[in-house]
Amino acid sequence: MTDAPLPRLEFWCDLQCPDCRTALDDVRALRAQYGDALAIELRHFPLEKNKHAYPAAEATEEAFAQGQGWAYAEALLARCEDLARAGQPVLTALAGELGLDAEEVELSLIDGRHMLVVDADQAEGKAIGITGTPTYVIAGQRLDGGKSQDGLRERIVAIIEAARTGAEQ
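Residues numbered from 1 in each chain as written. Predicted model: local features only at pLDDT ≥ 70, side-chain atom pairs only at ≥ 80, totals over all residues. Heavy atoms only, no water.

## Structural notes on the nonpolar core
- Counting 40 residues, the largest nonpolar core has Phe11, Tyr72, Leu76 and Tyr136 as the members making the most contacts within it.
- Once residues within four sequence positions are removed from consideration, Tyr72 is found in contact with Ala59, Thr60, Ala63, Leu91, Leu94, Ala95, Leu98, Leu100 and Val105.
- Of all hydrophobic cores here, the second largest spans five residues; its members include Trp12, Leu47, Ile130 and Val137. (Core = buried A, V, L, I, M, F, W, Y, C linked by side-chain atoms within 4.5 Å. Buried < 20%, exposed > 50% of the residue type's maximum accessible area, 1.4 Å probe, protein only. Contact = heavy atoms within 4.5 Å.)

## Some remarks on helix 1 (residues 18-34)
- For helix 1, built from 17 residues, the straight-helix expectation of 24 Å at 1.5 Å per residue is met to within 8% by its first-to-last C-alpha distance of 25 Å.
- Where helix 1 is concerned, the buried positions are Cys20, Ala23, Leu24, Asp26, Val27, Leu30 and Tyr34.
- Buried residues belonging to helix 1 abut strand 1 (9-13), strand 2 (40-44), helix 3 (69-78), strand 3 (135-138) and helix 8 (152-165).
- Remark: Gly35 follows helix 1 within two positions and exhibits a positive phi of approximately 60°. (Helix = DSSP H or I, 4+ residues; strand = E, 2+ residues; numbered from the N terminus. Expected span 1.5 Å × (residues − 1).)

## Notes on the packing of aromatic side chains
- Across all of its chains, the model carries three aromatic pairs by this definition.
- Measuring from ring centre to ring centre gives 5.6 Å for Phe11 and Tyr136, while their planes differ by 25°; the resulting arrangement is stacked. Of this pair, Phe11 sits in strand 1 while Tyr136 sits in strand 3, and the two are 125 residues apart along the sequence. Neither Phe11 nor Tyr136 differs from the other in exposure class; each is buried.
- The ring of Trp70 has Arg31 lying over it, and the distance from NZ or CZ to the ring centre is 4.3 Å. (Phe/Tyr/Trp six-rings, centres within 6.5 Å; stacked < 30°, edge-to-face > 60°. Lys NZ or Arg CZ within 6 Å of the ring centre and 35° of its normal.)

Given below as structure tokens:
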């Protein structure tokens with residue numbers, strides 16, 4: 001076994017997507033298995049069919065700026081039906097519930113300070129062939145969970161272990 005660093009896992013997500021909420025179980029399991037050795041990055045891919053997904057991505061970026069991005073994203077995914085039904089008020093209410101500066105979250109949605117990050121993620125996602133969510137990218141491999149998430153965690157673990165041992169995948 002080598003001491004090679006683990007590859008970064010990108011979790012491409014639409015924060016109004018019930019399948020992305022389900023995928024969080026895999027993300028949590030991978031965190032539990034690898035701890036801080038596995039960098040997991042949330043990447044935004046709001047789908048056009050989910051009209052509140054784009055502002056949700058912006059609000060999540062503001063939550064990251066306030067130090068609670070993952071907690072906010074996970075709590076928001078747990079309430080994706082509420083977001084679909086009630087829209088933007090859910091974003092600021094959730095920020096308040098988590099102890100974030102809810103006014104700053106609301107202001108970030110007005111001034112668009114995080115639009116470039118969300119737009120850049122969307123453009124990169126399209127450029128690498130992402131068409132739906134959830135999608136994972138690890139060690140140059142794209143794993144699409146939009147149709148089925150069956151076996152994806154096992155495939156991710158196999159890729160991580162191959163990278164850890166220096167084996168070819």
